[in-house]
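Understanding the architecture of this molecule
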Amino acid sequence: MESVAAEAGERKPEEVKSAARVLEVLELLGAGGARLSLAELASAMRVPKSSLHAVLRTMEGRGWVDVDAAGTRYSLGLKALMTGTAYLEGDDVVSLAGPVLDALAEETGEAVHLTRLSGPDVIYLAKRESRHALRMYSAVGSRAPAHATAPGKAMLAQYGPGEVDRRLNWPLEKLTPDTVTDPAELAAQVAEARLRGWALDDGESSPGVRCVAVALGAEHGGGDAVSCSAPISRMDARRTEEIALAVTEAAHSLRTLLKRLGQH
């Protein structure tokens, strides 16, 4: 919550204060997924509770935030969900990726995702579930630190070292005992992903889960990737190579569809 507040607090001079406060509320409530009190929001935003209360009442009245039965804790409202859904429905990459993700999930039998790089994080835009009972947890709209995920490293590999360093939040967060947080080691992993064309997350985001990802490439903004995840028990070295090939072919198919769309 503090990192979001810090980013939100660095306002550009041309920002309108009231509009900035509304956006800060949405960012804070969307970052953690938990309800926050007026005091918690005011503290994070460094604004008086009295002025923030009026903002929250307006947002509640328009459906952007929801308040619990006690009237003391706030969460995102239905209007935020509707807007997020409209974003996905209007996104060309998401709409074109549907059949590609379906085919990849059918071929591998594992969970597949479409993700997008947003600052130091990856956002999950679309998902197809594994056919197996033992599966990883993820949700559309959730985020994870780019340095700890295969999609993040695949997308970071589209940029030079200086840009990679600029995008990440240092020091890097350690999500699991296997998360790479050493700058030199991460740089080596990103360089390897750049060389071979796909990135690997080996239990770095979720314990016991391996993930392979391929970025769509700089010609498509460098900010999207296709990935496939499975428990390590179903993804040994040989299977990892097989899935890497399948994900690479899926990413190529999606690039082709996007190229055709751009020609019309």
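The structure reproduced in this document is the subject of the present report. (Residues numbered from 1 in each chain as written. Predicted model: local features only at pLDDT ≥ 70, side-chain atom pairs only at ≥ 80, totals over all residues. Heavy atoms only, no water.)

**Concerning the nonpolar core**
Where we set the bar: By convention a nonpolar core is built from buried Ala, Val, Leu, Ile, Met, Phe, Trp, Tyr and Cys residues, the set being connected through side-chain atoms within 4.5 Å. Three labels apply to residues, based on accessible area from a 1.4 Å probe with only protein chains included: buried if under 20% of the type maximum, exposed if over 50%, partly exposed otherwise in between. Note on conventions: DSSP H or I runs of at least 4 residues are helices, E runs of at least 2 residues are strands, and numbering of each starts at the N terminus. Only heavy atoms enter the contact rule, under which two residues are in contact if any of them lie within 4.5 Å.
In terms of nonpolar packing, the biggest core is built from 28 residues, with Leu 101, Leu 104, Leu 114, Leu 216, Val 226, Val 247 and Leu 254 touching the most fellow members. Taken together, the elements giving at least two residues each to this core come down to helix 6 (92-108), strand 4 (111-118), strand 5 (121-128), strand 8 (209-215), strand 9 (224-231) and helix 10 (237-262). No other element matches helix 10, which puts eight residues into this core. Ignoring any residue separated from it by four or fewer positions in sequence, one finds Leu 254 in contact with Val 93, Leu 96, Ala 97, Val 100, Leu 114, Leu 216 and Val 226. Counting 23 residues, the second largest nonpolar core, distinct from the first, contains Val 122, Val 164, Ala 199 and Cys 211.

**Quick notes on the layout of surface pockets**
Condition: The way it works is a 1 Å grid over only the protein atoms, where trapped points that fit a 1.4 Å probe form a cavity and open points with protein on both sides within 12 Å along at least five of seven lines form a pocket, and then any residue with an atom within 4 Å of a point lines it. Grid points are joined across faces, edges and corners, and a volume is the space filled by probe spheres set on the points. Asp, Glu, Lys and Arg are counted as charged, while Ala, Val, Leu, Ile, Met, Phe, Trp, Tyr, Cys and Pro are counted as nonpolar; the rest, among them Gly, fall into the polar class.
Roughly 290 Å³ of internal volume is contained in the second largest pocket. Residue lining of the second largest pocket: 21 residues in total, with Tyr 124, Tyr 137, Ala 144, Ser 205 and Ser 206 positioned closest to the centre. Listing elements by their share of the lining of the second largest pocket, those giving two or more residues are strand 6 (143-145), helix 7 (150-156), strand 8 and strand 9. Per element, the largest residue contribution to the lining of the second largest pocket is three residues, and it comes from strand 6. Across the lining of the second largest pocket, the residue classes tally to eleven nonpolar, eight polar and two charged.

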